[in-house]
Amino acid sequence: MGNPRTIALVDPYGAVNKVGQAFREAGLDCVRVQSTPQVPPSYGPADLTGYRDNLVHDGTFEHMVERLAEAGAEAVVVGSELGVEFTDRLNEALGLPGNGTALSEARRDKYVQIEALRAAGVPTTRQERVGSPHELAAWHRSVGGRIVVKPVRSARNDGVSFCDTAEESVAAYHRIMSRDSVFDVPNEGVVAQEYLRGVEFVVNTVSCRGRHRITDVWRYQKITVNGVRDRINGMTSVPRDDADWHAVAEYSYRVLDALGILWGPVHLEVMLTGAGPRLIEAGARLCGADVARYAVLLTGESQIGRTVQAYADPERFLEEAGAPYAVDNHGAMAFFASPYEGVLRGYPHIGLIEELESCRGVTQRFKPGERLVRTIDDEGEPVTVGLIHQDRSVLLQDFATVCYLDGFGFYDVEPGH
């Protein structure tokens, strides 16, 4: 019996680490590649379960190329945002299927990304890469109204601020440049963009030989909570027969082409404005937050499964790329926001959620006995709920119930803490 086919996965952290298991279940061997000497603290410890080897980048790129060649990797697949550019470099150096390095920066740098779309004739937003607080204040005043200020390289909404005045923008600039990113490295710069009004969508895709497949589409729901504007507290699925699905899908295909996406997963966030779709940002990697688990229940597939298929069985991927979803369910995910800080005693009403007809999972990031934090970003998200049902009316009613239950009465925190 010959040696098994081998896939290398770059920085498969958190929920997206499940792609390694999926490759193994498809009969492929996996080696894990770590693009940095240390795992960023926000990702937690590395999970090496099931990997044949763990290759940690020692700073010498040629050495990593040699080790992957010795491992017999037939493809290098990106896991998390951190590994996007490193994956491109490895595939190009090894002559393996990939997206190349010509547009690699556009797949990682938020400013360069939007400019790449503009150069390709794809409608996009006004923006400015600012080099100083003074430059930012001047741009804000020229644009007027609310703007968005964010690091040029980060993830998980880290450092994103919605600013109504030039003074707020300057404060956001100083916050970003005075601290490290979610990847535990200094922020490189700041980009300011116009604030887009409309409905925001998640579009998850996988590509193979330049052919794109949408695995799932979601519509965000947002609230203002704990002093945070536009906090995403949930999302509901968008079926293929919805006009919004087609609007954001056609736009997303144009974005993928403009960013040079030929292979692998991409997670897009698209705002459907009165003037049409506009890209918020695209990550050339798998979607996190365990969305893939619910996508399978929703559509019969996920980014993880289609990513495996793209590399393990590309001919079948291409045959099925234009086919309808295998399953036609409705889904929602709710992302809770704690108004409290202190030692958590419990969630008194969590049983009411678990009893809902559409409930398929409740994940507790903070458990009784641990210190709960006031939610201002994704790291402080205490509970995630997944809902799936064939009847959209049941799904929406349960989702409304879940959102109603989250709030001051949902958390039992020790007094005085």
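Before reading further, recall that the structure is shown in the block above.
Residues numbered from 1 in each chain as written. Predicted model: local features only at pLDDT ≥ 70, side-chain atom pairs only at ≥ 80, totals over all residues. Heavy atoms only, no water.

Q: Whenever I open this one, the pairing of strand S14 (residues 330–335) confuses me. Can you help?
A: Two faces belong to every sheet, and in a regular strand the side chains alternate between them. Buried residues dominate S14, accounting for six of its six residues. Side chains His330, Ala332 and Ala334 of S14 all project onto a buried face; the interleaved residues Gly331, Met333 and Phe335 project onto the opposite face, where all are buried too. Note: S14 against strand S18 (residues 383–389), six bridges, orientation antiparallel. From the neighbouring strand, Phe335 faces S18, where its bridge partner is Thr384. (Buried < 20%, exposed > 50% of the residue type's maximum accessible area, 1.4 Å probe, protein only. Helix = DSSP H or I, 4+ residues; strand = E, 2+ residues; numbered from the N terminus. Pairing = 2+ DSSP bridges.)

Q: Would you take a moment to explain the packing of aromatic side chains for this structure?
A: The relation between two aromatic rings is expressed through the spacing of the ring centres and the mutual angle of the planes. If you walk through the whole model with that rule in mind, you get ten aromatic pairs. Ring plane angle 90 degrees and centroid distance 5.7 Å describe the contact between Phe162 and Tyr195, whose orientation is recorded as edge-to-face. Of this pair, Phe162 sits in strand S7 (residues 161–163) while Tyr195 sits in the loop between strand S8 (190–194) and strand S9 (199–208), placing them 33 residues apart in sequence. Look at Phe162 and you get partly exposed, because its relative accessible area is 25%. Judged by its relative accessible area of 15%, Tyr195 falls in the buried class. Measuring from centroid to centroid gives 5.9 Å for Tyr347 and Tyr411, while their planes differ by 70 degrees, and the two rings are edge-to-face. Note that Tyr347 is positioned in the loop between strand S15 (342–346) and helix H11 (350–354) and Tyr411 in the loop between helix H12 (392–405) and strand S19 (412–413), a separation of 64 residues in sequence. For Tyr347, a relative accessible area of 7% translates into the label buried. (Phe/Tyr/Trp six-rings, centres within 6.5 Å; stacked < 30°, edge-to-face > 60°.)

Q: Honestly, the sheet that holds strand S6 (residues 147–151) in this entry has me stumped. Any pointers?
A: For sheets, the rule is that strands pair by backbone hydrogen bonds, running either parallel or antiparallel. If you trace the four strands from one edge of the open sheet to the other, you get S5-S8-S6-S7, paired in antiparallel fashion. Only two strands of the sheet have a single neighbouring strand rather than two, namely strand S5 (127–130) and S7. Along the sheet, successive strands turn relative to each other by an average axial angle of 25 degrees, direction set aside. With five bridges joining them, S6 and S8 adopt antiparallel strand pairing. Bridge pairing links Ile147 to Glu194 in S8. In this fold helix H4 (residues 110–119) packs onto S5, S6 and S8, with an angle of close to 145 degrees to the strand it touches most, S5. The sheet strands contacting helix H5 (residues 133–143) are S5, S6, S7 and S8, and the helix crosses S5 at an angle near 165 degrees. (Axes fitted to C-alpha atoms, helices over the stretch in contact; angles between N-to-C directions. Contact = heavy atoms within 4.5 Å.)

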